[in-house]
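# Reading the structure
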Protein chains: 4
Amino acid sequence: MTQERVHSHDVTQAAHDVLLERGVKISDIAEIVFEMQGPYNEKLKMEECIESVEKVLLKREMQHAILVAVELDRLAEQKKLSEPLQTLVETDEGLFGVDETIALGASLGYGSIAVTTFGHLDKNKIGIIEKLDTKRGGGIHTFLDDMVASIAANASSRLAHRLRDIEENLPKNERRIIEDE
Amino acid sequence: MTQERVHSHDVTQAAHDVLLERGVKISDIAEIVFEMQGPYNEKLKMEECIESVEKVLLKREMQHAILVAVELDRLAEQKKLSEPLQTLVETDEGLFGVDETIALGASLGYGSIAVTTFGHLDKNKIGIIEKLDTKRGGGIHTFLDDMVASIAANASSRLAHRLRDIEENLPKNERRIIEDE
Amino acid sequence: MTQERVHSHDVTQAAHDVLLERGVKISDIAEIVFEMQGPYNEKLKMEECIESVEKVLLKREMQHAILVAVELDRLAEQKKLSEPLQTLVETDEGLFGVDETIALGASLGYGSIAVTTFGHLDKNKIGIIEKLDTKRGGGIHTFLDDMVASIAANASSRLAHRLRDIEENLPKNERRIIEDE
Amino acid sequence: MTQERVHSHDVTQAAHDVLLERGVKISDIAEIVFEMQGPYNEKLKMEECIESVEKVLLKREMQHAILVAVELDRLAEQKKLSEPLQTLVETDEGLFGVDETIALGASLGYGSIAVTTFGHLDKNKIGIIEKLDTKRGGGIHTFLDDMVASIAANASSRLAHRLRDIEENLPKNERRIIEDE
């Protein structure tokens, strides 16, 4: 194939752009993270939550999942999906689970805390997730609300692991390795 | 191999036996299912929840997961695991996630409702799960509390799919196929 | 919501239709199943493989995944996806994994044999999967080839479990329950 | 709980120790990685494969999974598991899938390449995996062979992502972030 490959920078940028275009700010997601992890770490600061969300958004798997999720939501808004998929997505049909599959797939990389936090957020709809889910403003966010739950869950799990590294006084280079590898 | 294969009946029986031995009755799990699905189905009866739990317990993957989970809990109670695994399991260490991995693996078979319900139950500890988690009575249930969440989540998802079949007036034979296949 | 819900029959029909439209016959998938399970069961007949594929295609989660997969392939063919997603899908970019995520999600319901068979098929491209992957004829099948691997993997795992039921001489009603629940 | 928490260093050390005790050297796993990734990268060196395996072994989720896997194998060798679990593990019963569940759970963190490579390795048993699987020497490695497939799959996926970072000439600090976060 002679077609040029997409550069990582462009994918990263696109993932950030589509989140903003769909009304999701990094601080919205960080607020969920703060609510999830605050009870386990009384010194937790919002900046750490924001940084954790930003790190999660650097993962290729996460970026790809966001692009697919937003694309399907947008196409559904524009009534451009074929039936019966159009109706399934438009109505956020209760037994339709591809949205959760894509989001869960992007959460499996951050360990069991991410998976259970994802399930909790997906069921209890906190903060921006609730706003997306109830479609205030008329948009369709069938896929995006699950992705936001996934990003928040991953950023939460990441902080839990990082907190342990700090508690154990691991030297920074080692901490980094244990944390990020 | 000359060794005889274990018959399905024996595995089924063993899975039921160990649950009871560890203090988990089918009705305990059914109560969680009732609490989860009641809000979506006002006519839901406890008998249906009990039947759904029993069906879930017939799955080979579920039975195998239960046997492994209870075995590891029992060995930890008897201090028979090697260190550092003994301490990790005994203290239900927060970043130890093999218990959730085994339980989630047994939930993935029932679709996205099962997965999100599992996450919710695992985080919010309802009914018998809370009793197991807080170790009233001194036992170790690091693996079993997650398995109970998994069984309850599956039975809940199964009921949600079954309700749809009934709402759609599918003839019984077809309903059965769609439900169970 | 006043919009009518889509009936299961329509989703089932649509999933079958789109497979055929994209050039995938049930017998094509059954051939892969035969190749996978034949070595474990010398009496295996093609009809059993076909029946197993048909049963797998009755699952809601599978049908939904097929509809999403084919939709994304079709939109990519028509150049209707936004960039950079259009290029990622069109070129079947090696590190893009949402296609595998959706397909794997639909395979997790059939146990570990399904998951390892899916991985094997996805890597070794057998039969119709290879034809789809190499895009003979110019179409884009980035998502569909993985879905076909998923269907074939599930039908294979289902046959392995069914064979055991028969070997154990379980009475038909019980066999059914153990097999399908 | 007054009991002391296990330090990360001890878990890391234990995971390395049990692999060696069970006859699995890092270079054995690196050889599988080389075989998997060599075809995609003609300049690939064994040292890179070894380094990649070592990085994968620093992950907490991976270390915990290894400890559980080896513990169950050892207990089965010593005939210390309860029946029918003892027989299921001892005979590596074909429909028993908890071994794959634990190993797959540890692979989901490295993206779709890890998952399909895991399935491929689990089915096609390459190198040390084949030696473990055929139990030359009389040991039981029902769980460990799957874990080795998981480690090798993760190290392979990690190299594929890293190669892309290098091809794109990302500056080292950014490469690191994109690679490891």
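Residues numbered from 1 in each chain as written. Chains lettered and ligands numbered in written order. Predicted model: local features only at pLDDT ≥ 70, side-chain atom pairs only at ≥ 80, totals over all residues. Heavy atoms only, no water.

## What about the overall build of chain A?
When you go through chain A residue by residue, the secondary structure sums to 10 helices and 0 strands. The linear arrangement of helices and strands in chain A, starting from the amino end, is α-α-α-α-α-α-α-α-α-α. Among the 181 residues that make up chain A, the fraction classed as buried is 64%. Considering only residue pairs separated by 6 or more positions, chain A has 71% of its internal contacts joining residues 24 or more positions apart. By element, 49% of the accessible surface of chain A is carried by carbon and sulfur atoms, the whole surface being about 6800 Å². (Helix = DSSP H or I, 4+ residues; strand = E, 2+ residues; numbered from the N terminus. Buried < 20%, exposed > 50% of the residue type's maximum accessible area, 1.4 Å probe, protein only. Contact = heavy atoms within 4.5 Å. Areas by Shrake-Rupley, 256 points an atom, 1.4 Å probe, with all protein chains shown as cover.)

## Describing helix α6 (residues 98-107) of chain D
With respect to burial, α6(D) is a largely interior element, 9 of its 10 residues being buried. Taken as a whole, α6(D) has its buried residues at V98(D), D99(D), E100(D), T101(D), I102(D), A103(D), L104(D), A106(D) and S107(D).

## Some thoughts on the packing of aromatic side chains
Residues and elements named next belong to chain C. Enumeration according to the criterion identifies 4 aromatic pairs over all chains in this entry. Measuring from ring centre to ring centre gives 6.0 Å for F96 and F143, while their planes differ by 85°; the resulting arrangement is edge-to-face. Separated by 47 residues along the polypeptide, F96 in the loop between α5 (85-90) and α6 (98-107) and F143 in the loop between α8 (128-133) and α9 (144-167) bring together distant segments of the chain. By the burial criterion, F96 is buried, and F143 matches it. (Phe/Tyr/Trp six-rings, centres within 6.5 Å; stacked < 30°, edge-to-face > 60°.)

## Section: the interface of chain C and chain A
On the side of chain A, 35 residues touch chain C, which itself brings 35 residues to the contact. In total, about 2900 Å² of surface goes out of reach between chain C and chain A, with carbon and sulfur atoms giving 73% of it. Of all residues in chain C, H64(C), E71(C) and P84(C) give up the largest surface area on contact with chain A, accounting jointly for 17% of the area buried on that side. In this structure, the connection of chain C to chain A is made through 2 residue pairs in polar contact (both at pLDDT 80 or more). (Buried area = accessible area lost by both parts, 1.4 Å probe. Polar contact = N/O pair within 3.5 Å; in protein donor to acceptor, adjacent residues only side chain to side chain.)

## Regarding the environment of E54(C)
Residues and elements named next belong to chain C. Along the chain, the position of E54 falls in helix α3 (residues 46-56). On the accessibility criterion, E54 (37% relative accessible area) is partly exposed. As for E54 and I26, which are separated by 28 residues in sequence, their C-alpha atoms are 7.5 Å apart.

## A word on the confidence of the model for chain A
Residues and elements named next belong to chain A. For chain A, mean pLDDT is 89; residues scoring 70 or higher make up 90% of the total. Across chain A, element-level confidence peaks in helix α2 (residues 26-37) with a mean pLDDT of 97 and bottoms out in helix α10 (residues 172-180) with 48. Counted against residues more than four places away or in other chains, residues 176-181, with its pLDDT under 50, gives 25 contacts. Overall fold confidence for the complex sits at a pTM of 0.92, while the interface term, ipTM, reaches 0.91. (pLDDT = per-residue confidence, 0-100.)

## Some words on the packing of helix α4 (residues 60-77) of chain D against helix α9 (residues 144-167) of chain D
Residues and elements named next belong to chain D. Remark: α4 packs on α9, axes separated minimally by 9 Å, with the N-to-C direction vectors making an angle of 160°. Considering the angle they form, α4 stands roughly antiparallel to α9. α4 and α9 meet at a crossing whose hand is left-handed. The residues of α9 that touch α4, namely those facing M62, A65, I66, A69, V70 and D73, are L144, M147, S150, I151 and N154. (Axes fitted to C-alpha atoms, helices over the stretch in contact; angles between N-to-C directions. Parallel < 35°, antiparallel > 145°, perpendicular 65-115°, else oblique. Left-handed = near helix turned anticlockwise from the far one by under 90°.)

## Side note on the side chain of D73(B)
All names here are of chain B. Tracing the chain through its elements places D73 in helix α4 (residues 60-77). Within the local environment of D73, its side chain forms a polar contact with the backbone nitrogen of F143, the two atoms lying 2.9 Å apart. Polar side-chain contacts of D73 include one of 2.9 Å to the backbone nitrogen of L144. With residues near it in sequence (within four places) discarded, D73 still touches R22, I140, H141, T142, F143 and L144.

## Structural notes on the pattern of salt bridges
Tallied over the full model, the rule gives 39 salt bridges over all chains. Between E167(C) and R5(B) there is a salt bridge whose closest N-O contact spans 2.4 Å. Of the two residues, E167(C) is situated in helix α9 and R5(B) in the segment before α1 (8-21); the pairing between them involves two chains. With relative accessibility at 44%, the residue E167(C) sits in the partly exposed group. When the shortest N-O distance is used, the salt bridge between D28(D) and K25(D) registers 4.0 Å. What makes K25(D) partly exposed here is its relative accessible area of 44%. A network of salt bridges, in which partner residues are shared, links R5(A), E93(C), R164(D) and E167(D). (Salt bridge = Lys/Arg side-chain N within 4 Å of Asp/Glu carboxyl O.)

## Remarks on unusual backbone geometry
With an omega dihedral of 5°, the bond running from E83(B) to P84(B) counts as a cis peptide bond. Structurally, P84(B) is set in the loop between α4 and α5 (85-90).

## What to know about the relation of the copies chain C and chain A
Here the two chain copies are tied together by a rotation about an axis and a shift along that axis. Expressed as a screw transformation, the operator carrying chain C onto chain A has a rotation angle of 180° and an axial translation of 0.0 Å, and the superposed copies differ by an RMSD of 0.0 Å. The transformation just described matches what one would write down for a two-fold rotation axis. Within chain C, the C-alpha atom positioned nearest to the axis of rotation is that of I102(C), 3.1 Å from it. A symmetric contact is evident, with 100% of the interface residues of chain C recurring at the interface of chain A. (Least-squares fit on C-alpha atoms with pLDDT ≥ 70 in both.)

## Digging into helix α3 (residues 46-56) of chain D
Working note: α-helix, 3.6 residues per turn, so residues spaced by three or four point in the same direction. All of the buried residues in α3(D) are C49(D), S52(D), V53(D), K55(D) and V56(D). Mapping the buried residues of α3(D) onto a view down its axis gives an arc of 160°, with all of them on the same face. (Arc of directions from axis to C-beta.)

## So, the environment of R5(B)
R5(B) sits in the partly exposed class, given a relative accessible area of 45%. Leaving out residues up to four positions away in the same chain, R5(B) has contacts with R164(C), E167(C) and E93(D). Looking at R5(B), its side chain comes within polar contact range of the side chain of E167(C), at 2.4 Å.

## A look at the environment of G127(D)
Residue and element names in this part refer to chain D. Counting through the fold element by element, G127 comes out in the loop between α7 (111-124) and α8 (128-133). What makes G127 partly exposed here is its relative accessible area of 43%. The spacing of G127 and R22 is 105 residues in sequence and 15 Å in space, taken between C-alpha atoms.

## Examining the packing of helix α3 (residues 46-56) of chain B against helix α9 (residues 144-167) of chain B
Two numbers describe a pair of packed helices, the interaxial angle and the distance between the axes. Residues and elements named next belong to chain B. The N-to-C vectors of α3 and α9 enclose an angle of 115°; their axes lie 9 Å apart at closest approach. As summarised for this structure, α3 and α9 are arranged roughly perpendicular, according to the angle between their axes. Along this stretch, α3 crosses α9, giving a crossing that reads as right-handed. Touching E48, C49, E51, S52, V53, K55 and V56 of α3 are I151, N154, A155, R158, L159 and R162, all from α9. Counted by class, the contact of α3 with α9 contains 6 nonpolar, 2 polar and 5 charged residues. (Nonpolar A, V, L, I, M, F, W, Y, C, P; charged D, E, K, R; others polar.)

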